[in-house]
Amino acid sequence: MIKFHNVTKTYPKNVVALDQINLHIKPGEFVSIVGQSGTGKTTLVKTLIGEEKIDKGKIIVGGWDITNIGQREVPVLRRQIGVIFQDFKLLTKKTLYENVEFAMQVCGGSPKKIKSIVPHVMKIVGLESKAHRYPQEVSGGEAQRSAIARALVHRPKILLADEPTGNLDSLNANEVIDLLLRINKFGTTVILVTHNREVVNKLKRRVITIENGTIISDQAVGKYIL
Amino acid sequence: MFLSIVRVIKFSLQDIFRNIWLSLVTIIILILALFSVNTLIVVKVIGGNAINAIKEKIDINLFIKSTALDEEIVALESQIKNIDEVKEITYISKEQALENFRSKHEENPEILEALKELGRNPLTPSLVIKPKNLDNFDNLINKLNMIDNDIIESKNFANYKLMLEKINAITEKVSEAGIVLSFIFILITVLVIYNTVRVAIYTHRREIMIMRLVGASKWFVQMPYLLSSVVYTFLGIIAIMGIYYAFLSILQPYLEVFFVGYDIDILNYFYDNIFKIFGLQFLIASLINIIASFLAVRKYSNV
């Protein structure tokens, strides 16, 4: 599903974010990428969604070499990879439903398709009763769940979660992780980027540990080792 | 595709209304630019009309002594006709001159009464000469001055050329000032449009970021802002049409008084050329504004 071959990314002033990364994530896997702040986790996410170009190496997503992806192809890639972030990135003037709907509208989804898919994903994330509330009227966990719903509308094969529990208490964090596990059960590859030790240890799934831009550990059923 | 176009229009209108004050300022600046451009057109049209009207009226009068014989007059007429610079020559008899004088002053009974009291025709016959080309006006005057014939009583060589040159110079000067003013306003408009789009993008930066994140195409992200600039131009053109109609309606009576006897109808000129004048302005202004918006969008939409 996702392959990184000797991927290197350096920022100005010789700051090495990724150094010779080799990685293979199979379809349907649930992988946690862990590491402390500034170790290159977010850069890895950015290279995967075409936001950052790499200096060396090759990145393949679903058989598609995205190493030198063009600006016109980036939207196509992003419809195949659902992404959620620590700060939810929801529009506060739109309801949760409208936020999810917006993702389909801006990609040319027909009203009929929107009407059938949006309620469905709202149901998957358990927010059908709160769909018409605004982000500031719901808990952090619910806001993150609606962000997950938005990420799911294009039925992506990969769901990339960059610190999704960073702003949540343990109860809400558990809810979000449970939801990610359920989505993974449907066959979606989930990549969880986090530095939440408790979450990672509880998952008992594959854990890749990054330090100073290099992979220092890749365990099939791993723990947070830092 | 149709759906995307509808949504682009919706987002564009949302953008205009969410920043309504900024949109109004942009449109007002645009109106000022268009006003200066249209004033330039008015000056050109009035100047051109005045020059043409004066050209039509330019002629040279050679007054002939009343005692001159017919054959002497015919000989002089043919001598003048042979001058290259002469377009047309007409003989006005004493009687014809009197008739012309009466019709010219028919609304002035005092003059007509004075003429009656005189008891005789005081006017002299004349030869009216129309020049071929005003550029050769001086040559013609020189050649006419060289004619030494006793039957010529007097010559009226009003310096029309000088008058035309003055009108031309004034028109040119006003046009030059208008062009400078128009350029300044166009430059201001470009900067204001650029800034409006920049602010609109800043206002919508979160939406743009999310659009890009969920896979909206670059076209879809950028198009609403380009469309907004066309909407601003369209509203500016509609407003200037209304404003200019009112302006010309006020100006027209003054022009009629100032250019009495000349057929200058600026309102009608704009009415007859409405699509040409405002259509062309819309196309050019849209193009300029789209370029300004495109530069702003390209620079600032990568949030």
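Residues numbered from 1 in each chain as written. Chains lettered and ligands numbered in written order. Predicted model: local features only at pLDDT ≥ 70, side-chain atom pairs only at ≥ 80, totals over all residues.

## Regarding the domain arrangement of chain B
A common measure of how large an interface is: the accessible area buried when the components associate. Put simply, the test is: An automatic or database domain assignment supplies the residue ranges for each domain.
Each domain of chain B was delimited in the assignment, giving domain 1 (2-54 + 163-300) and domain 2 (66-150). One C-alpha centre belongs to domain 1 of chain B, the other to domain 2 of chain B; they are set 53 Å apart.

## Examining the interface of chain A and chain B
Stated formally: What counts as a contact is two residues whose backbone-derived C-beta atoms lie within 7 Å of each other. Comment: elements are numbered from the N terminus, with helices defined as DSSP H or I runs of at least four residues and strands as E runs of at least two. The classification used treats Ala, Val, Leu, Ile, Met, Phe, Trp, Tyr, Cys and Pro as nonpolar, Asp, Glu, Lys and Arg as charged, and all other residues, Gly among them, as polar.
Between chain A and chain B, the contact holds 16 residues from the first and 14 residues from the second. Breaking the side of chain A that touches chain B down by element, the ones donating at least two residues are helix 2 (74-80) and helix 3 (96-105) of chain A. Among the elements that make up the side of chain A that touches chain B, the one with the highest residue count is helix 2 of chain A (3 residues). Split by residue class, the side of chain A that touches chain B holds 6 nonpolar, 5 polar and 5 charged.

## Here we look at the nonpolar core
Selection criterion: A set of buried Ala, Val, Leu, Ile, Met, Phe, Trp, Tyr and Cys residues, joined to one another through C-beta atoms within 7 Å, is what we call a nonpolar core. Each residue is classified by how many other C-beta atoms fall within 10 Å of its C-beta atom, where C-beta atoms are placed from the backbone; a count of 20 or more means buried, 12 or fewer means exposed, and values in between mean partly exposed.
Counting 98 residues, the largest nonpolar core has L160, A161 and I191 of chain A as its most contacted members. Take this core: its biggest share by element is 8 residues, from helix 9 (residues 218-258) of chain B. Ignoring any residue separated from it by four or fewer positions in sequence, one finds A161 of chain A in contact with I84, L180, V190, I191, L192 and V193 of chain A. Judged by nonpolar contacts, the second largest core, of 6 residues, contains I60, L62, I64 and L76 of chain B.

## Quick notes on the environment of S182 of chain B
Residues and elements named next belong to chain B. Here S182 is to be found in helix 7 (residues 160-203). The exposure class of S182 is partly exposed, given the 19 C-beta atoms found within 10 Å. Sequence spacing of S182 and N38 is 144 residues, and the spatial spacing of their C-alpha atoms is 9.2 Å. Apart from the residues within four sequence positions on either side, S182 is in contact with A33, S36, V37 and L40.

## Points about the environment of I41 of chain B
Residue and element names in this part refer to chain B. Its location among the elements puts I41 in helix 2 (residues 20-57). C-beta crowding within 10 Å serves as the criterion here: with 18 such atoms nearby, I41 is assigned to the partly exposed category. A C-alpha to C-alpha distance of 9.2 Å links I41 and G178, two positions 137 residues apart in sequence.

## Quick notes on the sheet that holds strand 5 (residues 64-65) of chain A
Where we set the bar: DSSP bridges decide pairing: two strands pair if at least two such bridges lie between them.
The 4 strands lie next to each other as 2-1-4-5 (chain A), forming an open sheet whose pairing is antiparallel. Both edges of this open sheet fall to strand 2 (15-25) and strand 5 of chain A, since each of them pairs with a single strand only.

## Observations regarding the packing of helix 3 of chain A against helix 5 (residues 140-152) of chain A
Residues and elements named next belong to chain A. Condition: Every axis in this analysis is a line fitted to C-alpha atoms, fitted for helices over the stretch in contact. Angles between the N-to-C directions lie between 0 and 180 degrees. When describing relative orientation, an angle under 35 degrees is termed roughly parallel and one over 145 degrees roughly antiparallel, while 65 to 115 degrees is termed roughly perpendicular and anything else oblique. Two helices cross in a left-handed way if the nearer one is turned anticlockwise from the farther one by less than a right angle. They cross in a right-handed way if the turn is clockwise.
Their axes nearest at 8 Å, the elements helix 3 and helix 5 cross at an angle of 25°. Between helix 3 and helix 5, the angle is such that the two are roughly parallel. Viewed along their axes, helix 3 and helix 5 form a crossing whose handedness is right-handed. The segment helix 3 lies against helix 5, with L96, N99, V100 and A103 engaging S146, A149 and R150.

## Observations concerning helix 4 (residues 111-124) of chain A
Residues and elements named next belong to chain A. For clarity, the cut-off: In a helix, the anticipated span is given by 1.5 Å times the number of residues less one. Comment: arc refers to directions from the helix axis out to C-beta atoms.
The end-to-end C-alpha separation of helix 4 is 20 Å, in line with the 20 Å expected for 14 residues at 1.5 Å each. Those residues of helix 4 not exposed but buried are V118, V121 and M122. On an axial view of helix 4, the arc spanned by its buried residues comes to 100°, and they lie on one face. Turned more than 90 degrees off the buried face of helix 4, the exposed positions are K112, K113 and S116. At the exit of helix 4 stands G126, carrying a positive phi of roughly 75°.

## Comments concerning the pairing of strand 8 (residues 189-194) of chain A
Residues and elements named next belong to chain A. To keep it simple, the criterion reads: Looking down the strands as they point away from you, a crossover is right-handed if its path from the first strand over the helix to the second goes clockwise.
Counting buried residues along strand 8, 6 of its 6 residues qualify, which places the element largely inside the surrounding structure. What you see with strand 8 is no split at all: T189, I191 and V193 on one side and V190, L192 and T194 on the other are buried throughout. Of the strand pairs in this sheet, strand 3 (residues 30-34) and strand 8 are connected by 5 bridges, and their pairing is parallel. Considered in strand 8, the bridge of V31 is made with I191. The pairing of strand 7 (residues 158-162) with strand 8 spans 5 bridges and is parallel. Pairing of L160 across the sheet is with I191, part of strand 8. Handedness of the strand 7-helix 6 (residues 170-185)-strand 8 crossover: right-handed.

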